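Chain and residue survey
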Amino acid sequence: MAKEIKTIGVLTSGGDAPGMNAAIRAVVRKALANGLKVKGIKKGYMGLLNEEIIDMDRRSVADIIQRGGTILGTARCMEFKTAEGQQKGAEICRKHGIDGMVVIGGDGSYKGAMALSRNGINTIGLPGTIDLDIACTDYTIGFDTAINTAMQAIDKVRDTSSSHERCSIIEVMGRNAGYIALWCGIANGADDILLPEKYDYNEQRIIDNIIDNRKRGKTHHIIINAEGIGHSTSMARRIEAATGMETRATILGYMQRGGSPTCKDRVYASIMGAYAADILTAGKTNRVVGYRNGQFVDYDIEEALAMKKYINEYQYEISKII
Ligand code: ADP
Ligand code: F6P
């Protein structure tokens, strides 16, 4: 029989992502509407182990849906990777009357969520990461804002790059995944898009592309490089030496993770947050919420972590043609 849940906690973990606040707000308000009490855990699993736990009501999440970052704060916590840390976390939950938890974060955070479930705390994960690198879902909280922020920044770099007839290498985030690079590559009309999943480290091909383009009258060149490949500055030096075209590297960095969430991130994160509160209320545990084929769905965490995600071949092919 499903365990009856009276009080839930909510935490954000790993890298922050725009839309996390919308998700927190929805978890809190839907859980309250379902008759539950809600506590906020500050700074992810580290805050849980340090008992940084606060009561939350409707007003505690007022005026946050439009704000980037996470009002609860986030952290990485090595201690929570140990069995002792995980048991301690579950005991602290019980001490504070928390029998259910919503964890908003990436794959790493899900492993912590799975550990909490195993230790008797009903736990639901929400996909919070700008990287889009979670296999069980076509959408992650923050990706839409991050690509829009990066796209606008790349447009600006393009203005100056074309004025000076330069080659620009623009490095975007994504850890080992190339989704931000691919989306921006298409949206910004990049000449080359380097993805960790596809790049063969054949720099000569890029150099040949620049030289061929120049012969056809093109006076500047935009390369989107994914963080997982990196080395943009040294790459710029080598490309300049080989092509004779002035080449500059721009690393967009953390600006991609901040800022007010887009409408899509606010709405999808709100739906996912409410969904998590509902399935916790129904007594579910060890689940993650995803968005697949136009529907919000949930999966067993272990099953979700075993799934594989690949770059869409068609998107990649057309990115090179158009
Ligand atoms: P993300 O959640 O964005 O993938 P991390 O991989 O840094 O980010 O994970 C965030 C946190 O989740 C870690 O600092 C740690 O506290 C917890 N975590 C990561 N891996 C595990 C694991 N194998 N077991 C338990 N907790 C984990
Ligand atoms: O996971 C989001 C992300 O911004 C990645 O794109 C990047 O590799 C990583 O986090 C950076 O993490 P940190 O905040 O630890 O530098």
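Above this note sits the structure.
Computed from a predicted model, the values in this text were never measured in an experiment. (Residues numbered from 1 in each chain as written. Chains lettered and ligands numbered in written order. Predicted model: local features only at pLDDT ≥ 70, side-chain atom pairs only at ≥ 80, totals over all residues. Heavy atoms only, no water.)

Here's the deal with the packing of helix α7 (residues 203-215) against helix α8 (residues 232-243)
Look at α7 against α8: their axes get within 10 Å of each other, and the N-to-C directions meet at 50 degrees. Comparing the axis directions of α7 and α8 gives the class oblique. In this structure, the crossing between α7 and α8 has a hand that is right-handed. Together, E203, I206, I207, I210, I211 and R214 of α7 and M235, R238, I239, A242 and T243 of α8 make up the contact between the two elements. For the contact of α7 with α8, the class distribution of residues is seven nonpolar, one polar and three charged. (Axes fitted to C-alpha atoms, helices over the stretch in contact; angles between N-to-C directions. Helix = DSSP H or I, 4+ residues; strand = E, 2+ residues; numbered from the N terminus. Parallel < 35°, antiparallel > 145°, perpendicular 65-115°, else oblique. Left-handed = near helix turned anticlockwise from the far one by under 90°. Contact = heavy atoms within 4.5 Å. Nonpolar A, V, L, I, M, F, W, Y, C, P; charged D, E, K, R; others polar.)

Structural notes on the site of ligand 1
Lining the immediate environment of ligand 1, one finds 15 residues, of which R76, C77, G106, G108 and S109 sit closest. At 2.9 Å, a side-chain N or O of R76 approaches an oxygen atom of ligand 1. Backbone polar atom of G106 to an oxygen atom of ligand 1: 2.9 Å apart, as the coordinates give it. For ligand 1, the accessible surface in isolation is 550 Å², of which the surrounding protein chains cover 82%. Examining the composition of the shell around ligand 1, we find that five residues originate from one element, helix α4 (residues 107-118), more than from any other. Looking at the shell around ligand 1, its residues break down into three nonpolar, eight polar and four charged. (Near = heavy atom within 4 Å. Polar contact = N/O pair within 3.5 Å; in protein donor to acceptor, adjacent residues only side chain to side chain. Areas by Shrake-Rupley, 256 points an atom, 1.4 Å probe, with all protein chains shown as cover.)

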